[in-house]
Amino acid sequence: MKFPRWSRPWLLLAWVALLSFFFAQVEIQIEGPAGWAASLPTWRVEKHWLLDLFWSGRPMTGYHAWVFPFIALMFHLPVFLRGRWSWRMEARIVAMIMLFWVIEDALWFVLNPAFGWSKFSAGNIPWHKYWWFGLPADYWISTIIGIALLVWSYIKSMAPTGQGALSK
């Protein structure tokens, strides 16, 4: 079954949101009220300059060291199933990974009985150190980059044929 071109990005986003919902539920069951693996029996690196650069100052845990690459590998599975790779496909995959984590993290707070939307603030969530306009800075950065990558990944494939440079 082939979906119309205009619907593909929306269906992809809906699918990623569904995956985010399920993974948020899994993490709520694993972590409970103690976010960022605070109560899990795992190793932690609390302070390092690379954590400031890549993790917005959050600790690196053994849990996250395994979960993040697992999700990245799962999102790359279609490349291996199809046997084809391109920069546009990679951009789409990276975009989906970024949007997955934003949606999943937000759902973790909203759906977690220990938090809910009312406690979604910098004062209640110490592992999100930087906030802009009421949301963790990571959400803004990842959403903007993710949408830009997603749009770029579809520009050529969404263009009608015979429309000049975009169709080449």
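In the block above lies the structure referred to throughout.
Residues numbered from 1 in each chain as written. Predicted model: local features only at pLDDT ≥ 70, side-chain atom pairs only at ≥ 80, totals over all residues. Heavy atoms only, no water.

## Things to note about the overall build of the chain
Formally: Numbered from the N terminus, helices here are DSSP runs of H or I no shorter than four residues, and strands are runs of E no shorter than two. In this analysis, two residues are considered to be in contact whenever any of their non-hydrogen atoms come within 4.5 Å of each other. Only the protein chains shown count as cover for residues, and all accessible areas are computed by the Shrake-Rupley method using a 1.4 Å probe.
Helix and strand content of the chain: 6 helices and 4 strands. Sequence-ordered secondary structure for the chain, helices as α and strands as β, is α-β-α-β-α-α-α-β-β-α. With the principal axes as the frame, the chain shows a C-alpha extent of 55 × 35 × 30 Å. Sequence separation of 24 or more characterises 57% of the internal contacts of the chain that already satisfy a separation of 6 or more. Accessible surface for the chain amounts to roughly 10500 Å². Of this, 72% is attributable to carbon and sulfur atoms.

## A short note on the pattern of salt bridges
Worth spelling out the cut-off: We define a salt bridge as a contact between a side-chain nitrogen of Lys or Arg and a carboxyl oxygen of Asp or Glu at a distance within 4 Å. Accessible area is worked out with a 1.4 Å probe on protein chains only. A residue is then buried under 20% of its type maximum, exposed over 50%, and partly exposed in between.
Counted under the stated rule, the structure contains 2 salt bridges. The salt bridge involving E46 is made with R44; its shortest N-O contact spans 2.9 Å. Overall, E46 belongs to the partly exposed group, its relative accessible area being 42%. A salt bridge links R58 to D138; the nearest nitrogen and oxygen atoms lie 2.5 Å apart. With R58 in the loop between α2 (49-54) and β2 (60-61) and D138 in helix α6 (residues 137-158), this residue pair connects regions lying 80 residues apart in the sequence.

## Digging into helix α3 (residues 62-75)
Our working definition: Given a helix with a known number of residues, its expected span is that number minus one, times 1.5 Å.
Taking 1.5 Å of rise per residue, 14 residues should cover 20 Å, and α3 covers 21 Å from first to last C-alpha, within 8% of that figure. Along α3, the positions that sit buried rather than exposed are G62, Y63, H64, V67, I71 and F75.

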